[in-house]
Amino acid sequence: MNRPQRTAIVTGAARGIGRAVALRLAADGMSVAVLDLEETACQVVVKEIEAAGGRALAVAADVSGESAVEQATQRVAAELGAPTVLVNNAGVLRDNLLFKMSVQDWDTVMDVHLKGAFLLARATQQYMIGEGWGRIVNLSSSSALGNRGQSNYAAAKAGLQGFTKTLALELGRFGVTANAVAPGFIETDMTAATAARMGVPFDDFTRAVVAQIPVGRAGQPQDIAATISFLAGEDSGFVSGQVIYVAGGPRN
Ligand SMILES: NC(=O)c1ccc[n+]([C@@H]2O[C@H](COP(=O)([O-])OP(=O)(O)OC[C@H]3O[C@@H](n4cnc5c(N)ncnc54)[C@H](O)[C@@H]3O)[C@@H](O)[C@H]2O)c1
């Protein structure tokens, strides 16, 4: 069957889960805007996509900046095509127990995860509505269920679930779906940094976490990319407003 050429924006795509999602969507046949803070880091992923025969564009932008997001979205539309797939993946951690958490650490996490997802969704919805088709996937987390030392992150990731369901309600009539993917433990720089902050070697940290995961292994970025490939694709049009935990079991 002949499938239309779609353009996707993947935020935080220079490494980790975002990089795997960008590579996967490109392999699925989409043109992919690799959006992250540093242009040079984005370029490395663009080169990987091009080497595999795909089409991609490096876009440096801070997702929490309103004008940066508007400009980035317009550039993607002009250079790659109307962005009708959006994966809000960019994320940061600023973990601390409540009594030690600064307002700045609270705000940074809200700005990147929540405001960033809002700004990108608002900037891209016009293209999706124009095409009568769109896919929005927001990265939540099993931490949305609560996690010690992550009151900011848990609130943001739970907030993204409510945001996702509301987008599904507002945009469904235009052919646009919105879903959230909530990863459990995935081996990336982010989880390596968590282990380092706790003073535990990453291997030991991973072993301890894996002991609690029913499928008996750590998650990989490709596990998340595979789920997002479905949610961002042509065949998922009747799945909307859902949160899919991708955690190797029913809980984190
Ligand atoms: N790794 C896990 O176990 C796990 C579990 C649950 C949810 N998640 C979520 O998945 C997403 C990706 O996680 P990861 O482990 O790949 O993280 P990572 O730290 O390896 O990568 C995050 C990327 O986001 C980019 N980024 C940060 N702030 C940005 C900003 N303001 N604008 C643009 N880009 C920005 C970073 O530069 C980086 O490339 C995050 O939203 C994270 O919260 C990860």
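So, about empty space enclosed by the protein. Applying the stated criterion across every chain yields a total of 1 cavity of 30 Å³ or more. Roughly 60 Å³ of volume is contained in the largest cavity. Contributing elements (two or more residues each) for the lining of the largest cavity: helix H4 (103-131) and helix H5 (151-171). Counting residues per element, the lining of the largest cavity draws most heavily on H4, at 4 residues.

Attention now goes to the site of the ligand. Arg15, Asp36, Asn89, Tyr153 and Thr188 are the nearest of the 28 residues found near the ligand. The separation between a nitrogen atom of the ligand and a polar main-chain atom of valine 63 is 3.0 Å. At 3.3 Å, a backbone N or O of glycine 184 approaches an oxygen atom of the ligand. Notes on the ligand: free accessible area 840 Å², of which the protein chains cover 93%.

Empty space left among the atoms is revealed by rolling a probe the size of a water molecule over them. One number sums up the size of the second largest pocket: a volume of about 260 Å³. Contributing to the lining of the second largest pocket are 14 residues, with Arg3, Asp28, Met30, Gly233 and Glu234 lying nearest its centre.

A few words on the packing of helix H1 (residues 16-27) against helix H2 (residues 39-51). Remark: H1 packs on H2, axes separated minimally by 10 Å, with the N-to-C direction vectors making an angle of 30°. Here H1 lies roughly parallel to H2, going by the angle between them. As H1 runs across H2, the sense of the crossing is right-handed. When H1 is examined against H2, the residues Arg19, Ala22, Leu23 and Ala26 are found in contact with a partner set consisting of Val45, Glu48 and Ile49. Partitioning the contact of H1 with H2 into residue classes produces 5 nonpolar, no polar and 2 charged.

Analysis parameters
- Residues numbered from 1 in each chain as written.
- Predicted model: local features only at pLDDT ≥ 70, side-chain atom pairs only at ≥ 80, totals over all residues.
- Heavy atoms only, no water.
- 1 Å grid on protein atoms, 1.4 Å probe; cavity = no way out; pocket = protein on both sides within 12 Å on 5 of 7 lines; lining within 4 Å.
- Points joined across faces, edges and corners; volume = space filled by probe spheres on them.
- Helix = DSSP H or I, 4+ residues; strand = E, 2+ residues; numbered from the N terminus.
- Near = heavy atom within 4 Å.
- Polar contact = N/O pair within 3.5 Å; in protein donor to acceptor, adjacent residues only side chain to side chain.
- Areas by Shrake-Rupley, 256 points an atom, 1.4 Å probe, with all protein chains shown as cover.
- Axes fitted to C-alpha atoms, helices over the stretch in contact; angles between N-to-C directions.
- Parallel < 35°, antiparallel > 145°, perpendicular 65-115°, else oblique.
- Left-handed = near helix turned anticlockwise from the far one by under 90°.
- Contact = heavy atoms within 4.5 Å.
- Nonpolar A, V, L, I, M, F, W, Y, C, P; charged D, E, K, R; others polar.

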